[in-house]
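These are the residues of each chain, in order.
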Amino acid sequence: MTLDTKTALSLVQKPVLLWLPRLMLAAMYVESGVDKLLHWTAYVNEAAAHGIPLPPLSLALAVSVEILGSAALLASVCLTPALLALAVYTLIVNFFYFDFWAMVEPASLMARKEFLKNIAVAGGLLSWLALTLRTRIGEAKS
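The sections below set out a description of the structure shown in this document.

The rules behind each value
- Residues numbered from 1 in each chain as written.
- Predicted model: local features only at pLDDT ≥ 70, side-chain atom pairs only at ≥ 80, totals over all residues.
- Heavy atoms only, no water.
- Helix = DSSP H or I, 4+ residues; strand = E, 2+ residues; numbered from the N terminus.
- Core = buried A, V, L, I, M, F, W, Y, C linked by side-chain atoms within 4.5 Å.
- Buried < 20%, exposed > 50% of the residue type's maximum accessible area, 1.4 Å probe, protein only.
- Contact = heavy atoms within 4.5 Å.
- Patch = residues over 30% accessible without salt bridge, like charges linked within 9 Å, V, L, I, M, F, W, Y side chains within 5 Å.
- Areas by Shrake-Rupley, 256 points an atom, 1.4 Å probe, with all protein chains shown as cover.
- Salt bridge = Lys/Arg side-chain N within 4 Å of Asp/Glu carboxyl O.
- 1 Å grid on protein atoms, 1.4 Å probe; cavity = no way out; pocket = protein on both sides within 12 Å on 5 of 7 lines; lining within 4 Å.
- Points joined across faces, edges and corners; volume = space filled by probe spheres on them.
- Nonpolar A, V, L, I, M, F, W, Y, C, P; charged D, E, K, R; others polar.
- Arc of directions from axis to C-beta.

Here we look at unusual backbone geometry
Thinking step 1. A cis geometry characterises the amide bond from glutamate 105 onward to proline 106, with omega recorded as 5 degrees.
Thinking step 2. Mapping proline 106 onto the fold places it in the loop between helix H5 (79-97) and helix H6 (107-141).
Thinking step 3. Its identity is not glycine, yet leucine 54 carries a phi of approximately 45 degrees, on the positive side.
Thinking step 4. You can see leucine 54 is positioned in the loop between helix H3 (40-49) and helix H4 (55-75).

Details of the nonpolar core
Thinking step 1. By size, the foremost hydrophobic cluster in this structure holds 14 residues, and its most contacted members are Leu25, Tyr29, Leu73, Leu83, Leu86, Leu125 and Trp128.
Thinking step 2. Residue assignment for this core shows that the elements contributing at least two residues are helix H2 (15-38), H4, H5 and H6.
Thinking step 3. Apart from residues no more than four positions distant in its own chain, leucine 86 is found in contact with Tyr29, Val65, Glu66, Gly69, Ser70, Leu73 and Leu125.

Notes on the side chain of serine 108
Thinking step 1. The residue serine 108 is located in helix H6 in this model.
Thinking step 2. The contact partners of serine 108, leaving out residues within four places of it in the chain, are Phe100 and Met103.

A word on a nonpolar patch on the surface
Thinking step 1. A surface patch of nonpolar side chains, about 320 Å² in accessible area, is lined by Leu84, Val88, Ile92 and Leu126.
Thinking step 2. For the nonpolar patch, the leading source of residues is H5, giving 3 residues.
Thinking step 3. Mapped onto the fold, leucine 126 is located in helix H6.

Overview of the layout of surface pockets
Thinking step 1. In this model, the largest pocket occupies a volume close to 700 Å³.
Thinking step 2. In terms of lining residues, the largest pocket is bounded by 28 residues, among which Lys36, Glu66, Tyr89, Val93 and Tyr97 are the most central.
Thinking step 3. Mapped onto the lining of the largest pocket, the elements with two or more residues apiece are H2, H3, H4, H5 and H6.
Thinking step 4. Its residues placed into classes, the lining of the largest pocket shows 18 nonpolar, 5 polar and 5 charged.

Quick notes on H3
Thinking step 1. Within the sequence span of H3, burial applies to Tyr43, Val44 and Ala47. Along the axis of H3, the buried residues cluster in a sector spanning 105 degrees; they form a single face. Facing away from the buried side of H3 by more than 90 degrees, the exposed set consists of Thr41 and Ala49.
Thinking step 2. Looking one or two residues beyond H3, the residue adopting positive phi is glycine 51, at roughly 80 degrees.

Written out as structure tokens, the structure is:
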């Protein structure tokens with residue numbers, strides 16, 4: 001192991017570096033979930049306008065995934081299903097709300113940026129999921 005690897009390992013074992021990414025991801029989803037609850041009617045109408053099926057039910061599911069998934073991330077409880085649910089949810093919503101391919105500029109430019117940002121967030125969640133599963137498999141083999 002090189003000095004750089006040792007330094008990196010010691011850094012990632014610091015509590016702030018373990019909690020900060022969780023807090024950053026959870027903050028985005030909690031804010032979104034709470035905002036949906038506070039402005040329920042507006043979000044139901046927006047979901048319907050975007051062609052989301054059964055808007056009130058879909059919105060209730062979205063709020064549940066955002067808030068419960070964030071709680072699971074922060075508490076490290078049911079981490080695998082939470083990461084998977086948040087990633088899949090993010091990808092599904094992405095295709096309904098940021099269909100930049102069906103827009104004209106300048107709206108298509110911002111939608112494309114949001115679409116790619118959400119792809120990156122989902123990719124980060126799936127990477128975290130893969131690392132979690134890899135760690136569990138490694139621990140099971142030991």
